[in-house]
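What follows is each chain in one-letter form.
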Amino acid sequence: MSDDAWRPALYDRDTRFVSDLGAPLVDVLDPRAGERILDLGCGDGALTVTLAERGASVIGVDASPAMVAVARERGIDARVMDGQALAFDDAFDAVFSNAALHWMPRQDHVVAGVRWALRPGGRFVAEFGGAGNVAAIREALHGALAARRIDAAPLDPWTFPTTASFAALLEDAGFAVLSIALIPRPTPLPGTLGDWLEVFATRFLDAVPATERAALTNEVERRAAPRLRDAVGRWSADYVRLRVVARAP
Ligand code: BEZ
């Protein structure tokens, strides 16, 4: 998010599954003792800690001062930094990123920064929202706002690339793409879709006066329910992950 709308306590309560689902990506990265690793978009540091536990020397960066403060409380060397303006040169053996890049519209700038942050031959292992991610939620948000004569397009903070477009960005920057895939991952939510919206979709909800927020949330839920709520009322999110492994030149 461009402003610091993240609220770590709410994030921890409603979205711990984000880092839980990212755990297998740590195995893909396979961090080794002594390696220098950058966690790009480290959030509250829940996964960064697991990299450090494997003996790597880890720095986390995130655009949210609130999240960085929580990561520091976990003992992580975390810094407030925009992932679209990374300021490292030949500093890391690997760059790792989970569930962060879809918040960064200038993904070409991200890739350029990652390339300079890595030593020659260093690896970039990332997973984030890919083409079609949260399509049902996005459609419900845009539709509910359009019904209030609000154009959601300029508010929409998410960038979900195709494998072809993201691979092209990497190759243009000199990376060798070792693997890249879209992985549909319908994900049960711990609470309601409204709870999810309060953490991740504040840019949309803030477009209406506070007095209309609950009505907007209800309408988004009503629109999304046929695709995302099951017969006993449990919600899931229609996540589609883009997972990529690439090697720097
Ligand atoms: C995601 O992890 O895919 C995601 C999270 C929040 C908003 C949009 C996408």
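Notes on the structure in this doc start here. Here the structure is a predicted model, which is why all the values come from computation and not from measurement.

**Digging into the overall build of the protein chain**
Part 1 of the reasoning: The secondary structure content of the protein chain amounts to nine helices and seven strands.
Part 2 of the reasoning: For the protein chain, the C-alpha radius of gyration of 18 Å lies close to 18 Å, the compact-globule estimate for 249 residues.
Part 3 of the reasoning: With the C-alpha coordinates of the protein chain rotated into their principal frame, the extents come out at 50 × 40 × 30 Å.
Part 4 of the reasoning: The buried share among the 249 residues of the protein chain stands at 51%.
Part 5 of the reasoning: Excluding contacts between residues fewer than 6 apart, the proportion of contacts in the protein chain whose partners are at least 24 apart in sequence is 75%.

**As for the site of the ligand**
Part 1 of the reasoning: Surveying the vicinity of the ligand reveals the residues His102, Trp103, Asn133, Trp158, Phe160, Trp196, Phe200, Tyr239 and Arg241.
Part 2 of the reasoning: One nitrogen or oxygen atom from the side chain of Asn133 is found 2.7 Å from an oxygen atom belonging to the ligand.
Part 3 of the reasoning: Coverage of the ligand by the protein amounts to 98% of the 260 Å² it exposes when considered alone.
Part 4 of the reasoning: Taken together, the elements giving at least two residues each to the shell around the ligand come down to helix 7 (193-200) and strand 7 (236-247).
Part 5 of the reasoning: For the shell around the ligand, the residue count by class is six nonpolar, two polar and one charged.

**A look at helix 9 (residues 213-228)**
Every α-helical turn comprises 3.6 residues, leaving residues that sit three or four positions apart pointing alike.
Part 1 of the reasoning: Of all the bends in helix 9, the greatest reaches close to 30 degrees and is centred on Arg222; the proline Pro226 follows between one and four positions later.
Part 2 of the reasoning: When we look at burial in helix 9, the residues that qualify are Arg213, Leu216, Thr217, Glu219, Val220, Glu221, Ala224, Ala225 and Leu228.
Part 3 of the reasoning: For helix 9, the secondary structure elements touched by its buried residues are helix 5 (135-146), helix 7, helix 8 (202-205) and strand 7.

**A word on the sheet that holds strand 3 (residues 77-80)**
Part 1 of the reasoning: Taken in spatial order, the seven strands make up an open sheet running 3-2-1-4-5-7-6, and their pairing is mixed. Here the strands that pair on one side only, and so sit at the sheet edges, are strand 3 and strand 6 (176-188). Strand-to-strand twist across the sheet, computed as the mean angle between neighbouring axes with direction ignored, equals 15 degrees.
Part 2 of the reasoning: Contacts from helix 3 (residues 65-73) reach strand 2 (57-62) and strand 3 within the one sheet, and its direction differs from that of strand 3 by about 170 degrees.
Part 3 of the reasoning: This element, helix 6 (residues 163-172), spans strand 5 (118-129), strand 6 and strand 7 of the sheet and lies at about 145 degrees to strand 6.

**What about the pairing of strand 3?**
For a regular strand, side chains alternate in direction, first toward one face of the sheet and then toward the other.
Part 1 of the reasoning: Note that strand 2 and strand 3 share four bridges and pair parallel. Across the sheet, residue Gly60 finds its bridge partner in strand 3, namely Ala78.
Part 2 of the reasoning: Handedness of the strand 2-helix 3-strand 3 crossover: right-handed.

**Let's talk about helix 2 (residues 46-53)**
Part 1 of the reasoning: Turning to helix 2, its buried residues are Ala46, Leu47, Thr48 and Leu51.
Part 2 of the reasoning: Phi turns positive one or two residues past the end of helix 2, at Gly55, with a value near 95 degrees.

**Quick notes on unusual backbone geometry**
Part 1 of the reasoning: The backbone of Asp90 shows a phi angle near 55 degrees, a positive value even though the residue is not glycine.
Part 2 of the reasoning: The residue Val134 is not glycine, and still its phi comes out positive at about 40 degrees.
Part 3 of the reasoning: Along the chain, Val134 turns up in the loop between strand 5 and helix 5.

**Description of the nonpolar core**
Part 1 of the reasoning: Membership of the largest hydrophobic core comes to 32 residues, with the highest contact counts inside it found for Ile137, Leu141, Trp158, Leu193, Trp196, Leu197 and Val220.
Part 2 of the reasoning: Of all the elements in the fold, those that place two or more residues in this core are helix 1 (8-29), helix 5, helix 7, helix 8, helix 9 and strand 7.
Part 3 of the reasoning: The element that contributes the greatest number of residues to this core is helix 5, accounting for six residues.
Part 4 of the reasoning: The residues touching Leu141, leaving out its near neighbours within four places in the chain, are Trp158, Leu197, Ala201, Phe204 and Val220.
Part 5 of the reasoning: In this structure, Leu38, Phe92, Met104 and Leu170 belong to the second largest nonpolar core, which totals 27 residues.

**Side note on the pairing of strand 4 (residues 92-98)**
Part 1 of the reasoning: Of all the seven residues making up strand 4, seven are buried; the element is thus mostly covered by neighbouring parts of the structure.
Part 2 of the reasoning: Note that strand 1 (residues 36-40) and strand 4 share three bridges and pair parallel. What sits directly across from Asp39, in strand 4, is Phe96.
Part 3 of the reasoning: For strand 4 and strand 5, the ladder comprises six bridges, and the chain directions are parallel. Note that in strand 5 the partner of Phe96 across the bridge is Val125.
Part 4 of the reasoning: This β-α-β element, strand 4 to helix 4 (residues 107-117) to strand 5, shows right-handed connectivity.

Rules behind the numbers
- Residues numbered from 1 in each chain as written.
- Predicted model: local features only at pLDDT ≥ 70, side-chain atom pairs only at ≥ 80, totals over all residues.
- Heavy atoms only, no water.
- Helix = DSSP H or I, 4+ residues; strand = E, 2+ residues; numbered from the N terminus.
- Rg over C-alpha atoms; globule rule 2.2 N^0.38 Å.
- Buried < 20%, exposed > 50% of the residue type's maximum accessible area, 1.4 Å probe, protein only.
- Contact = heavy atoms within 4.5 Å.
- Near = heavy atom within 4 Å.
- Polar contact = N/O pair within 3.5 Å; in protein donor to acceptor, adjacent residues only side chain to side chain.
- Areas by Shrake-Rupley, 256 points an atom, 1.4 Å probe, with all protein chains shown as cover.
- Nonpolar A, V, L, I, M, F, W, Y, C, P; charged D, E, K, R; others polar.
- Bend = angle between axes of the 7 residues up to and from the residue.
- Pairing = 2+ DSSP bridges.
- Axes fitted to C-alpha atoms, helices over the stretch in contact; angles between N-to-C directions.
- Right-handed = clockwise from strand over helix to strand, strands pointing away.
- Core = buried A, V, L, I, M, F, W, Y, C linked by side-chain atoms within 4.5 Å.

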